[in-house]
Amino acid sequence: EAGVAQSPRYKIIEKRQSVAFWCNPISGHATLYWYQQILGQGPKLLIQFQNNGVVDDSQLPKDRFSAERLKGVDSTLKIQPAKLEDSAVYLCASSFNPGAYNEQFFGPGTRLTVL
Amino acid sequence: SQQGEEDPQALSIQEGENATMNCSYKTSINNLQWYRQNSGRGLVHLILIRSNEREKHSGRLRVTLDTSKKSSSLLITASRAADTASYFCATDDVGSARQLTFGSGTQLTVLP
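Residues numbered from 1 in each chain as written. Chains lettered and ligands numbered in written order. Predicted model: local features only at pLDDT ≥ 70, side-chain atom pairs only at ≥ 80, totals over all residues. Heavy atoms only, no water.

**Things to note about the overall build of chain B**
Rule in force here: The way it works is that DSSP assigns letters per residue, a run of H or I at least four long becomes a helix, a run of E at least two long becomes a strand, and they are numbered from the N terminus. Partly exposed describes any residue whose relative accessible area lies between the buried limit of under 20% and the exposed limit of over 50%, with all areas from a 1.4 Å probe on protein chains only and scaled to the type maximum. In this description, accessible areas are obtained by the Shrake-Rupley approach with a 1.4 Å probe, and a residue is regarded as covered only by the protein chains that are shown. Only four residue types enter the tally: Lys and Arg on the positive side, Asp and Glu on the negative side; His and the chain ends are excluded. To locate a charge, take atom NZ for lysine, CZ for arginine, CG for aspartate or CD for glutamate.
Secondary structure assignment for chain B yields zero helices and 11 strands. Helices and strands in chain B line up, N terminus first, as β-β-β-β-β-β-β-β-β-β-β. Seen through its C-alpha atoms, chain B measures out along the principal axes to roughly 45 × 30 × 20 Å. Burial status across chain B gives 48% buried among its 112 residues. Counting only carbon and sulfur atoms, one obtains 45% of the accessible surface of chain B, whose full area is about 5100 Å². Within chain B, the 11 negative side-chain charges are centred at a point lying 5 Å from the centre of the 12 positive side-chain charges.

Below, the structure written as structure tokens:
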């Protein structure tokens with residue numbers, strides 16, 4: 001079974017530029033999550049999708065971050081314009097069914113450096 | 001916000017020794033999960049313990065949960081150099097729409 005795919009793996013941009021990350025979840029997984037992980041910390045949830053609908057985006061800085069999930073499968077996360085404090089690893093995760101047990105499967109992440 | 005707080009923040013042991021990491025949390029939970037993260041990689045699910053369970057085993061892993069103290073521990077027995085990684089507890093909080101709230105992690109180093 002293929003895992004969660006993310007691209008790019010690394011991205012370096014200057015502040016005020018824009019950047020986009022892509023995620024392809026495990027086939028059949030209805031729920032998709034985007035996390036931000038700052039160095040030395042645990043992942044922080046940014047947004048949760050159920051199929052192509054948003055379940056929770058309360059921690060997404062909507063003035064600069066946006067996300068969509070196309071046809072309930074792939075997802076993109078965009079930052080525009082980027083700030084220095086956005087430097088982090090952006091992790092995508094998916095789960096089959098957030099019913100009884102919500103084990104999440106993570107992609108390798110995209111490491112963003114904002115200069 | 002991060003609910004789980006792991007203790008210690010860093011742990012260094014010799015190969016073959018046991019490693020114990022602790023996690024404390026603040027609210028009522030449906031379950032608590034432990035994940036491992038190797039440097040530069042995504043997180044890997046290790047084990048899940050439900051709120052009505054007190055202990056669970058998986059291979060060399062043993063997890064305990066004390067809901068009265070809002071705490072959990074992860075024991076890795078007979079550690080190996082390959083166990084070197086960061087370990088995170090994550091809580092599925094009651095009323096959270098099945099989201100996970102991660103702690104700050106314990107960095108485990110197993111010396112050969």
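**What about the sheet that holds strand β7 (residues 65-69) of chain A?**
Residues and elements named next belong to chain A. Quick note on the threshold: In this description, strands pair whenever DSSP reports at least two bridges between them. Lines fitted to C-alpha atoms define the axes here, with helix axes fitted over just the stretch in contact, and angles between the N-to-C directions of these axes take values from 0 to 180 degrees.
Pairing in this open sheet of four strands is antiparallel, and the strands run β1-β3-β8-β7 from one edge to the other. Strands at the two margins of the open sheet, each flanked by one partner only, are β1 (5-7) and β7. Each strand axis lies, on average, 15° off the axis of its neighbour in the sheet, ignoring direction. Sheet topology note: the β1/strand β3 (residues 19-24) ladder contains three bridges and is antiparallel.

**What about the environment of Y10(A)?**
Residue and element names in this part refer to chain A. Here is the rule we go by: Pairs of residues are marked as contacts when any of their non-hydrogen atoms sit within 4.5 Å.
You can see Y10 is positioned in strand β2 (residues 10-13). For the pair Y10 and Q104, spaced 94 residues apart in sequence, the C-alpha separation works out to 22 Å. Discounting residues that sit within four places of it in the chain, Y10 has contacts with T110 and R111.

**Let's talk about the environment of A19(B)**
Residue and element names in this part refer to chain B. Structurally, A19 can be placed in strand β3 (residues 19-24). A sequence separation of 64 residues divides A19 from D83, and the C-alpha atoms of the two residues are 9.8 Å apart. Other than its neighbours up to four places away in sequence, A19 contacts L11, I13, L74, L75, I76 and L108.

**Some points on the side chain of T110(A)**
Along the chain, the position of T110(A) falls in strand β11 (residues 110-114). Those residues in contact with T110(A), other than ones at most four positions away along the chain, are Q6(A), S7(A), P8(A), R9(A), Y10(A), F21(A), A88(A), V89(A) and Y90(A).

**Considerations on the interface of chain A and chain B**
Accessible area lost during the coming together of the parts is what is often quoted as the interface size. Applicable threshold: We define buried area as the total accessible area lost by two parts upon association, computed with a 1.4 Å probe and summed across both. Counted as a polar contact is a pair of N or O atoms within 3.5 Å, where, for protein atoms, one must be capable of donating a hydrogen and the other of accepting one, and residues adjacent in sequence contribute only when both atoms are in side chains. Three residue categories are used. Nonpolar comprises Ala, Val, Leu, Ile, Met, Phe, Trp, Tyr, Cys and Pro, charged comprises Asp, Glu, Lys and Arg, and polar comprises the others, including Gly.
With 25 residues of chain A at the contact, the number on the chain B side is 22 residues. Summed over both sides, the interface of chain A with chain B buries roughly 1800 Å², with 45% coming from carbon and sulfur. Linking chain A to chain B there are five residue pairs in polar contact (both at pLDDT 80 or more). Every element with two or more residues in the side of chain A that touches chain B is listed here: β4 (31-37), β5 (44-50) and β6 (53-56) of chain A. It is β4(A) that contributes the most residues to the side of chain A that touches chain B, three residues altogether. Among the residues making up the side of chain A that touches chain B, the classes are represented as 11 nonpolar, 10 polar and four charged.

**What to know about the pairing of β5(A)**
All names here are of chain A. Where burial is concerned, most of β5 is hidden: five out of the seven residues are buried. Of the pairings in the sheet, the one linking β4 to β5 comprises six bridges and is antiparallel in character. When the bridges of β5 are listed, T31 appears paired with Q50. Counted along the chain from β4 to the antiparallel partner β5, the turn is six residues long, and its residue G40 has a positive phi close to 85°. Judged from the three bridges that link them, β5 and β6 form a sheet pairing that is antiparallel. Paired with Q50 across the strands is G53, a residue of β6. Counting the residues between successive antiparallel strands, the hairpin from β5 to β6 contains two residues, one of them, N51, with a positive phi of roughly 55°.

**A look at the pattern of salt bridges**
Residues and elements named next belong to chain B. Test applied: A pairing counts as a salt bridge when a side-chain nitrogen of Lys or Arg comes within 4 Å of a carboxyl oxygen of Asp or Glu.
Applying the stated criterion across every chain, the model contains six salt bridges over all chains. For E53, the salt bridge goes to R50, with nearest N and O atoms at 3.0 Å. Since its relative accessible area comes to 16%, E53 is described here as buried. Two residues, R62 and E55, come together in a salt bridge whose shortest N-O distance is 3.2 Å. The exposure class of R62 is partly exposed, given its relative accessible area of 31%. For E55, a relative accessible area of 40% translates into the label partly exposed.

Interpretation in functional terms is not warranted from these geometric data alone.
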